[in-house]
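# Commentary on secondary and tertiary structure
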Amino acid sequence: MCWIPEKLSDQCFNNTVSSVCQPSTFLFLKLIYDLFGSSTCKAKPRKNIAKEYDFIIIGGGSAGCVLANRLSEIKDWNVLLLEAGVEEPMVTDVPAFANILQRTNIDWDFKAQEENTSCLLNRGCTWSYGKVLGGSSSISGMLYVRGNRIDYDAWANLGNIGWSYEDVLHYFKKSEDNRDETIVYNNHHYHSTGGYQSVEKLSYQDQHTKNLMEASKQMGYRVLDVNGEQQLGAMVLQATSNGGRRQSSNKAFIEPIRTKRANLVIETEAYVTRILIDRKTKKAYGVEYTSPGSNMKKMVKARKEIILSAGAIKSPQLLMVSGIGPTAELKKHNIEVIYNSAVGRNLQDHVTFTGIYILLNHTDRTLEQKKEDLRTFLKNQKGPLSSIGPQIISIFGRTIFEKQNAPDIQFLFIGTKIKDLDLSPIMSYYDSILFYPTLLTPKSRGTIKLNETDPVWGSPVIHPGYLTNKEDTDRLLKAIRMCLQFFGTKSFMDNNYRLYDTPQSPCDNLRLNSDEYWICLLRAKTVPGSHAAGSCKMGPKNDPEAVVDSRLRVYGVKRLRVVDASIMPIIPRGNTHAPTVMIAEKASDLIKDDWYFR
């Protein structure tokens, strides 16, 4: 099995006015689907699974791929990596295709509960997370942002020894192969070359992207490396790309070593249903899972440890169905409680507002031009499809509510189709731009709970808790006002960039541009940033919400760790892929210290 795209006929049924259904877009998408769809997939040969391994890693995403690489460096160790999704398909190579990868078979396509926000965009309250080898790094926007120094110092100040910025900087650099010589030369203390993860600036920038960067300068934002000494400013961001192709964690950490290390076994389409824990000794000793062609449960044991790297939504689910979690939640589902723990609490995300549109004087590319763009990419990984449109521009700003010398808001731009008020299916082709502020320092917290009908196979219940803390609403309202100031810049006016000022439902009964109007839209058009974190919080034992200690060992159970974004006590001020890779790099050393060097 490989990539199974959405059916174009379903997208256009009774909706022929949709931008997707316009001839140029429809025919180009059909070409892509025919070229990259499941008929082109070649399955990798499967290895026989032994009954026992030294380490079992659950989840082959941003963290799991790093762990599989680093632990299999020890030739005496046998490592099994279990991934619920399929092998990474060729279609993920193309940066501009990120939007059409979502809501397909390589996306978990989680749905958050619509509580304090309505998520009225066509996509609803969807949390896209990669269900594929490489995880979310295979379907995301690829942006490489580490967060701010004070984020990690705050982790350490909470009692997490070894997680200050100076402690973790080494691990950011360890994985990095930064291909921009200027950035490395000017910021050598913060960057390195020679690591597995390629980081580079995408080579293609269209004119609108250049105009947006010019407007950022006119607004007073300094152009800098946001992963260096200071984060406040603007940047054409670097991405996890290698020569114009997406470089997921799978491509970075697994593909170079997969056929060279006999001690690493990878099983895809392996859905883990339970971690096996001895009730008396409280030791994790194995996992149960199912695999293709068989509905029978399989069981494999771990001699040393089981490492859970299924992400901030699936990791808490697996802990809870295995008996680790809040007593009341587990008893509700008749699950035997092994250890009462705050699993699923402290959920955080970078909440995003999607109600400000920039109208452009823009003509869509013809079908023949799009075909030529595809040929160019396939030939030399250049042109519009090698980039992600205006989303490569990012501004890190500070509202009046932020007292530290760090951003609390990230301003992003993404190509849209104004007819649909929705994201463009191909990120490089758009007729308008969604100008959206993202809250980097949310005070609101959510929870992950088990599915009421089927806790094991059903999607976890996500209560995001967006805007439950008034401070989040205040910061986003101020950020909206900051966005609107861009329309007064020379760059916006010279290029006739205009605000889409048609009152938007359900707030069209309120005075346009009033605080009441924008707060109403905030609750209607605030959507997930798909940066879930914190649901298996790292903290000292006296922290009632802590699930793992500073060595990422699960409290109450031996030989079990969690290594992914769920352990973050506070979400960093940036995209979560780079910090997750850092966490896995550090965890690999912690594990080696415990089992190899002791």
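Placed above this text is the structure.
Below, the structure is looked at part by part.

Rules behind the numbers
- Per chain, residue numbering runs from 1 following the sequence as it is written.
- Given that the model is predicted, a residue must reach a pLDDT of at least 70 before its local features are reported, and side-chain atom pairs must reach 80 or more before they are shown or counted; all residues, however, enter totals for whole chains, interfaces and linings.
- Excluded from the side-chain calculation are hydrogens and water; included are all heavy atoms of the structure.
- Axis lines are fitted through C-alpha atoms, for helices just across the contact stretch, and the angle between N-to-C directions can take any value from 0 to 180 degrees.
- Helix numbers and strand numbers start at the N terminus; a helix is a DSSP run of H or I with at least 4 residues, a strand a run of E with at least 2.
- By definition in this entry, angles of less than 35 degrees are roughly parallel, angles greater than 145 are roughly antiparallel, angles of 65 to 115 are roughly perpendicular, and the rest are oblique.
- In this description, contact between two residues means that some pair of their heavy atoms is separated by no more than 4.5 Å.
- All residues other than Ala, Val, Leu, Ile, Met, Phe, Trp, Tyr, Cys, Pro, Asp, Glu, Lys and Arg, Gly among them, are scored as polar; the first ten of these are nonpolar and the last four charged.
- Sulfur atoms of two cysteines make up a disulfide when they are within 2.5 Å.
- Only protein chains enter the area calculation, which uses a 1.4 Å probe; residues under 20% of their type maximum are buried, those over 50% are exposed, and those in between are partly exposed.
- A pair of strands is labelled paired if DSSP reports no fewer than 2 bridges between them.
- Here a crossover is taken to be right-handed if, once the strands point away from the viewer, the path from the first strand over the helix to the second is traced clockwise.
- By construction, the arc corresponds to the directions joining the helix axis to the C-beta atoms.
- In protein, a polar contact means a hydrogen-donor-capable atom and an acceptor-capable atom, both N or O and within 3.5 Å, with residues adjacent in sequence counting only if both atoms are side-chain atoms; elsewhere, any N or O pair within 3.5 Å suffices.

### Focus: the packing of helix H5 (residues 149-157) against helix H6 (residues 165-175)
Two elements in contact, H5 and H6, have axes whose closest approach is 8 Å; the angle formed by their N-to-C orientations is 120 degrees. Comparing the axis directions of H5 and H6 gives the class oblique. Taken together, the residues of H6 that come into contact with H5 (itself represented by Arg-149, Tyr-152 and Asp-153) are Tyr-165, Glu-166, Val-168 and Phe-172. A class-by-class count of the residues in the contact of H5 with H6 yields four nonpolar, no polar and three charged.

### Here we look at the state of the cysteines
Evaluation of the coordinates by the stated rule reveals one disulfide. At a sulfur-sulfur separation of 2.0 Å, the disulfide partner of Cys-507 is Cys-520. Taking the sign of the torsion about the S-S bond as the criterion, the disulfide between Cys-507 and Cys-520, at about -85 degrees, is left-handed. Remark: Cys-520 occurs in helix H15 (residues 515-524) and Cys-507 occurs in the loop between strand E25 (498-499) and H15; sequence separation between them is 13 residues. The class of Cys-507 is buried, set by a relative accessible area of 0%. Left unpaired, Cys-536 is separated from the closest cysteine sulfur, that of Cys-65, by 19 Å.

### Digging into the pairing of strand E1 (residues 52-58)
Counting buried positions along E1 gives six out of seven residues, so the element sits mostly inside the fold. Judged from the four bridges that link them, E1 and strand E2 (residues 79-82) form a sheet pairing that is parallel. Bridging from a neighbouring strand, Ile-56 pairs with Leu-80 of E2. Each parallel crossover has a hand, and for E1 linked through helix H3 (residues 62-71) to E2 it is right-handed.

### A short note on H5
All buried positions along H5 are accounted for by Asp-151, Tyr-152 and Trp-155. Taken around the axis of H5, the buried residues stretch over an arc of 90 degrees, which confines them to a single face. Residues of H5 that are buried sit in contact with H6 and helix H16 (577-595). For H5, the N-terminal cap is Asn-148; the gap from its side-chain oxygen to the backbone nitrogen of Ile-150 is 3.0 Å.

### Side note on the packing of H6 against H16
At a minimum axis distance of 8 Å, the contact between H6 and H16 shows a crossing angle of 105 degrees. Between H6 and H16, the angle falls in the class roughly perpendicular. Residues Val-168, Tyr-171, Phe-172, Lys-174 and Ser-175 of H6 pack against Ala-578, Pro-579, Val-581, Met-582, Glu-585, Lys-586 and Asp-589 of H16. Broken down by class, the residue content of the contact of H6 with H16 amounts to seven nonpolar, one polar and four charged.

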